[in-house]
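An overview of the molecular structure
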Amino acid sequence: MSEIKLKKDVRSRNQQQADTNRRLFRKSGLLALNILGSPGSGKTSLIEQTARRLSSKLRILVVEGDVETERDADRIRALGIDAIQFQTHGSCHLDAMMVAQSLQEVKLDKVELLIIENVGNLICPAGFDLGEDLRIVVGSTAEGADKPIKYPEMYLHADACVLNKIDLLPYVDFNIEEFEAGARQTNEKLRLFRISCTTGSGIDPWCEYLQNSYTKQHNNMR
Ligand SMILES: Nc1nc2c(ncn2[C@@H]2O[C@H](COP(=O)(O)OP(=O)(O)OP(=O)(O)O)[C@@H](O)[C@H]2O)c(=O)[nH]1
Ligand SMILES: [Mg+2]
């Protein structure tokens, strides 16, 4: 089999499972997030902050994707939030089958907000639909403002972009306008958030966006 044919088969199998996941999520009435971004951009920190604010309002389940270790799931569990760790043992992204496997034993009708943290990587996760409702790309001021134009796939299909670590702006050479213009150039519909998970700055509008998205989804199902 040629490499191109093999890639097409992998993508189409993934898409079938992603469609199945999405149907299941819709039936359960939950809002599913796929959180992507480079290693260390602050994906888990964002989930921790989100869980702290929203766990009294929405029942949250987190699926953590990592190449190795249970560390990120342990961080979420330390907050009293249910978390499942999926270790890919080498794969640089989650796929829809991995998500389905992670959720096999879960009663999804008890979940209102499902947060999936993808493997830290600015390339591969972009090509794999997991069945999510919202795709969120997390960047940080430590990575350089040119990332959206250098890795456009990540931004192209995202619904929102969180720029994290804005507390570092006085110390790093980072042009926030350049970053946001690059992100918008790739995807003009992108919702932009400026956040610091360390200070908590910008977390409120982000959580409001999630709550409104959940309410909209829930009302649409009636
Ligand atoms: N200064 C600062 N540091 C942050 C912020 N958010 C996260 N960090 C730090 O950045 C590092 C990486 O954060 P994580 O949340 O583990 O990043 P991640 O994207 O989940 O990393 P991987 O799962 O390994 O891809 C940690 O040392 C965090 O404490 C922030 O807003 N400001
Ligand atoms: Mg993480």
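First, a word on what this report is: a plain description of the structure on this page. (Residues numbered from 1 in each chain as written. Chains lettered and ligands numbered in written order. Predicted model: local features only at pLDDT ≥ 70, side-chain atom pairs only at ≥ 80, totals over all residues. Heavy atoms only, no water.)

**Quick word on the coordination of the magnesium ion (ligand 2)**
Any two of four tetrahedral donors ideally make an angle of 109.5 degrees at the metal, while pairs among six octahedral donors ideally make 90 or 180 degrees. Stated precisely, the cut-off is as follows: Here the term donor refers to an N, O or S atom within 2.8 Å of the metal (or 3.2 Å for Na, K and Ca), and because water is left out of the atoms, sites may appear incomplete. Strands are runs of DSSP state E lasting at least two residues, helices are runs of H or I lasting at least four, and both sets are numbered from the N terminus onward. Accessible area is worked out with a 1.4 Å probe on protein chains only. A residue is then buried under 20% of its type maximum, exposed over 50%, and partly exposed in between.
Those protein atoms acting as donors to the magnesium ion (ligand 2) are Thr44 (OG1), Asp72 (OD) and Glu117 (OE), and they sit at 2.0 to 2.2 Å. Counting along the primary sequence, the residues that act as donors to the magnesium ion (ligand 2) give the motif T-x27-D-x44-E. In this pair, Asp72 sits in helix H3 (residues 71-77) while Glu117 sits in strand E4 (residues 113-117), placing the two residues 45 residues apart along the sequence. One exposure class covers both Asp72 and Glu117, and it is buried.

**Re the packing of helix H2 (residues 43-54) against helix H8 (residues 203-221)**
Packed helix pairs are characterised by how far apart their axes lie and by the angle those axes make with each other. Rule in force here: Convention adopted: a line fitted to C-alpha atoms gives each axis, helices being fitted over their contacting stretch, and angles between N-to-C directions are expressed from 0 to 180 degrees. Roughly parallel refers to an angle under 35 degrees, roughly antiparallel to one over 145, roughly perpendicular to one between 65 and 115, and oblique to any angle outside these ranges. Residue contacts are counted whenever heavy atoms from the two residues lie within 4.5 Å of one another. When residues are grouped by polarity, Ala, Val, Leu, Ile, Met, Phe, Trp, Tyr, Cys and Pro land in nonpolar, Asp, Glu, Lys and Arg in charged, and all others, Gly among them, in polar.
Where H2 meets H8, the axes come as close as 10 Å, and the angle between the chain directions of the two elements is 70°. Taken together, the axes of H2 and H8 lie roughly perpendicular to each other. Each of Leu46, Gln49, Thr50, Arg53 and Leu54 in H2 lies in contact with H8, whose residues at this interface are Ile203, Asp204, Trp206, Cys207, Leu210 and Gln211. Residues that form the contact of H2 with H8 fall into these classes: six nonpolar, three polar and two charged.

**Considering the site of ligand 1**
Quick reminder of the rule: Only a single heavy atom is needed: when it lies within 4 Å of a molecule or strand, its residue is near that molecule or strand. Contacts described as polar in this section are N or O atom pairs within 3.5 Å, which, within protein, must combine one atom able to donate a hydrogen with one able to accept it, while residues neighboring in sequence count only if both atoms come from side chains. Reported accessibility uses the Shrake-Rupley method at a 1.4 Å probe radius. Residues are deemed covered only where the shown protein chains occlude them.
Around ligand 1 sit 20 residues, and of these Lys43, Thr44, Ser45, Arg75 and Asp167 come closest. Separating an oxygen atom of ligand 1 from a backbone N or O atom of Ser41 is a distance of 3.3 Å. For ligand 1, an oxygen atom lies 3.1 Å from a polar atom in the side chain of Lys165. Look at ligand 1: alone it shows 650 Å² of surface, and the protein chains cover 70% of it. Of all the elements in the fold, those that place two or more residues in the shell around ligand 1 are H2 and H3. At three residues, the largest contribution of residues to the shell around ligand 1 is made by H2.

**Description of the pairing of strand E2 (residues 60-66)**
Selection criterion: Here the rule is simple: two strands pair whenever DSSP picks up at least two bridges between them. Look down the strands so they point away from you; if the path from the first strand over the helix to the second goes clockwise, the crossover is right-handed.
The buried count for E2 comes to seven of seven residues, which makes it a mostly enclosed element. On E2, burial covers both faces: Ile60, Val62, Glu64 and Asp66 on one face and Leu61, Val63 and Gly65 on the other are all buried. Summarising the sheet, E2 and E4 pair through five bridges and their orientation is parallel. Note that in E4 the partner of Val62 across the bridge is Ile115. One ladder, built from six bridges, connects E2 with strand E3 (residues 82-87); its direction is parallel. Paired with Val63 across the strands is Ile84, a residue of E3. Once you follow E2 into H3 and on to E3, the crossover reads as right-handed.

**Things to note about unusual backbone geometry**
A positive phi is found at Thr69, a non-glycine position, where the angle reads about 80°. For His89, which is not glycine, the phi dihedral falls at a positive 50°. With respect to the element layout, His89 can be found in the loop between E3 and helix H4 (96-102).

**With respect to the sheet that holds E2**
Overall, parallel pairing links the seven strands, which are arranged E3-E2-E4-E1-E5-E6-E7 in an open sheet. With one partner strand each, in any of the chains shown, E3 and strand E7 (191-194) form the two edges of the open sheet. If you compare each strand with its neighbour and ignore which way they point, the axes differ by 20° on average. Running at roughly 165° to E4, H2 makes contact with strand E1 (31-37), E2, E4, strand E5 (134-140) and strand E6 (160-164) of the sheet. Along the sheet, H8 contacts E1, E5, E6 and E7; its crossing angle with E1, the most-contacted strand, is approximately 140°.

This is a description of form; function is not addressed.
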